[in-house]
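Structural overview
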Amino acid sequence: MDFSQVLAEKTDTILYKWVIAVRKDRRIESADDLSYTAIRDHIPDVLKAMVTVLSKSEDSDVKSIVTAGLQHGVLRAEQGFDPAEIAREYHLLRTVIFETIETDLLRVTPPGIIRSMRLIDATIDEAIARCFKSYVDERLRDLQYLYISLTLHNEELTRIVSANQEYLSQLAHDLKHPLTSIIGYSDLFLRQQRQKTEIEDSNLNLEHIERVLRNGRHLLSIINDVLEISRYDAGQIKLQPAPTNVRELINNVYEMLEPLAVKKNLKVAINCDRAPEQVFTDSLQLQQVVTNLVSNAIRYTKSGTISIVCQRLENDRIAPMLPTRDFLEENPSLVAKGNMAMILETPLGKSGYFAIAISDTGIGIAPEDQARIFEPYFRASSSNQPPLPDSTGLGLAIVYRLVKLLQGQINLVSQVGVGSTFIVTLPLQVEIS
């Protein structure tokens, strides 16, 4: 029996079963939000090469295996897979292949079975080896880029630290732990590379790279926030207003942050029915404001719903900004406690305004902390909820400054254990000086 023909005929079945198996496997979380095509990737090329390897009449297509494995590793690195997940999906591929052709295998002699199994194993092993090689190379490129970025940022950070001595101690504390981890794991990885470790140590090396990248990205995020605050305080951020579709902007932020909400089983409800069709503002700064507030809501909410409401204001005042209907139906107690609505009687100005309200069912903010919540480096905490380890106290400070830059205002209504609502009020058209 020509197993290459059997495998060729059952390729589509194998692919379908394999994708289903990957989706169901809880140890491959990175595939949860990927499409069928994105999961399938270059596996069809691996199977095609396997067909030629099993064929007795064709030369083994080793080049196709190498190419497919290399491309698969690069893509999985871009998709955020970790090494264990990649190894797991190849294990599932091997299992699905043998389960699919099991009936056909039993029809041939034992030597034929052994030959076919060895060739299939060899093909998958080669694909895995090539995949991990390109995965490591891609991660090393990420590491190099991160190193360059950190070096450039460090030069500017050195300059601004001398002008901001008041918060130097807090900043040093925030930077110490991720920086120590980066240095330690980088040194360990480089020493292992110099010793030319054997291939069985590759998984350990990959874990080192992942930890370096994870801590490096966290450190870079802190530095970026510090630089953002410093640029604003130095008057270096200039508005670049242009016609902006607010509904589209909010939807873009939602699509970007949706995986974070899905990971925590949070529902995000959006209501832009009364939003203005178009505003004249700096879309980049407005998007950062919305992104910071929504990501904060997700971060500090363990269960429940995040609500995003946008509407044009009447009579230039903030009308009751209630969350979406879905949000209210799922959390009726919040309205009864008066936490999720705000009315400001102070006129905002002569021009038209719109507002964006972001509500959550999170931990809430104590009254004594609400007055300081927009101060740089301030992190609200309580006996029941200490500050999150990745919080620097800069996110809301950046939001406050950007809202002011956009000629608007931000207000907060919050209750501990109930949730918070941030309302950003902005002009329909910013004034250009």
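Residues numbered from 1 in each chain as written. Predicted model: local features only at pLDDT ≥ 70, side-chain atom pairs only at ≥ 80, totals over all residues. Heavy atoms only, no water.

Under the annotation held in an unreviewed UniProt entry, the protein chain carries the name histidine kinase and is attributed to Nostoc minutum NIES-26. Check the Catalytic activity (unreviewed entry) section of the UniProt entry for the protein chain; it says "ATP + protein L-histidine = ADP + protein N-phospho-L-histidine." (UniProt positions renumbered as here; feature names shortened; annotations may be inferred.)

Turning our attention to the pattern of salt bridges. Opposite charge on two side chains permits pairing when their charged atoms draw close. Scanning the model with the defined rule gives 12 salt bridges in all. Linking Glu89 and Arg76 is a salt bridge whose minimum nitrogen-to-oxygen distance equals 3.0 Å. With Glu89 in helix 6 (residues 83-105) and Arg76 in helix 5 (residues 62-78), the pair connects residues that are 13 residues apart, well separated along the chain. For Arg76, a relative accessible area of 0% gives the class buried. For Glu277, the salt bridge is made with Arg247, and the minimal N-O distance between the two is 3.5 Å. Here Arg247 lies in helix 10 (residues 246-263) and Glu277 lies in the loop between strand 2 (267-274) and strand 3 (279-281), a separation of 30 residues in the sequence. (Salt bridge = Lys/Arg side-chain N within 4 Å of Asp/Glu carboxyl O. Helix = DSSP H or I, 4+ residues; strand = E, 2+ residues; numbered from the N terminus. Buried < 20%, exposed > 50% of the residue type's maximum accessible area, 1.4 Å probe, protein only.)

With that out of the way, let us pick up the side chain of Asp360. Relative to the elements of secondary structure, Asp360 occurs in strand 5 (residues 353-360). A distance of 2.8 Å separates the side chain of Asp360 from the backbone nitrogen of Gly362, its partner in a polar contact. (Polar contact = N/O pair within 3.5 Å; in protein donor to acceptor, adjacent residues only side chain to side chain.)

This next bit is on the sheet that holds strand 6 (residues 409-415). Taking strand neighbours across the sheet as the criterion, the 5 strands line up as 2-4-5-7-6 in an open arrangement whose pairing is mixed. Since the sheet does not close on itself, it has two edges, and those belong to strand 2 and strand 6, each with one partner. Neighbour-to-neighbour, the strand axes of the sheet open up by a mean angle of 10°, direction not taken into account. Pairing geometry for strand 4 (residues 305-312) and strand 5, over 6 bridges, is antiparallel. Bridge assignment links Val309 to a residue of strand 5, and that residue is Ala357. Taken strand by strand, helix 11 (residues 283-299) contacts strand 4, strand 5, strand 6 and strand 7 (419-427), and its axis lies near 20° from that of strand 5. Each of strand 6 and strand 7 is contacted by helix 15 (residues 395-405), which is oriented at about 140° to strand 6, the strand it contacts most. (Pairing = 2+ DSSP bridges. Axes fitted to C-alpha atoms, helices over the stretch in contact; angles between N-to-C directions. Contact = heavy atoms within 4.5 Å.)

This paragraph deals with the environment of Glu248. By the secondary structure assignment, Glu248 is in helix 10. Note on Glu248: relative accessible area 47%, which makes it partly exposed. Sequence separation of Glu248 and Glu277 is 29 residues, and the distance between their C-alpha atoms is 9.9 Å.

Further remarks concern the state of the cysteines. Applying the stated criterion across every chain, the model contains 0 disulfides. Its sulfur unpaired, Cys272 is 5.2 Å from the next cysteine sulfur, which belongs to Cys310. Judged by its relative accessible area of 10%, Cys272 is buried. (Disulfide = S-S within 2.5 Å.)

If you check helix 10, its first and last C-alpha atoms are 26 Å apart, about what 18 residues at 1.5 Å a residue would give, namely 26 Å. Taken as a whole, helix 10 carries its principal kink of about 50° at Leu257; the proline Pro259 stands between one and four residues after it. What helix 10 keeps buried is the set Val246, Leu249, Ile250, Val253, Leu257 and Ala261. Against strand 1 (242-244), strand 2, strand 3, helix 11, strand 4 and strand 5 lie the buried residues of helix 10. Of the residues that open helix 10, the one with a side-chain oxygen 3.1 Å from the backbone nitrogen of Arg247 is Asn245. (Expected span 1.5 Å × (residues − 1). Bend = angle between axes of the 7 residues up to and from the residue.)

Moving on, we come to the packing of helix 2 (residues 11-24) against helix 6. Two measures define how a pair of helices packs: the angle their axes make with one another and the distance between the axes. Direction vectors running N to C along helix 2 and helix 6 enclose 135°, while the axes themselves pass 9 Å from each other. Comparing their axes, helix 6 and helix 2 come out oblique. In terms of crossing hand, the pair formed by helix 2 and helix 6 is right-handed. Listed contacts from helix 6 to Thr13, Ile14, Lys17, Trp18, Ala21 and Val22 of helix 2 are Glu89, Leu92, Leu93, Val96, Ile97 and Thr100. The residue inventory of the contact of helix 2 with helix 6, partitioned by class, reads 8 nonpolar, 2 polar and 2 charged. (Parallel < 35°, antiparallel > 145°, perpendicular 65-115°, else oblique. Left-handed = near helix turned anticlockwise from the far one by under 90°. Nonpolar A, V, L, I, M, F, W, Y, C, P; charged D, E, K, R; others polar.)

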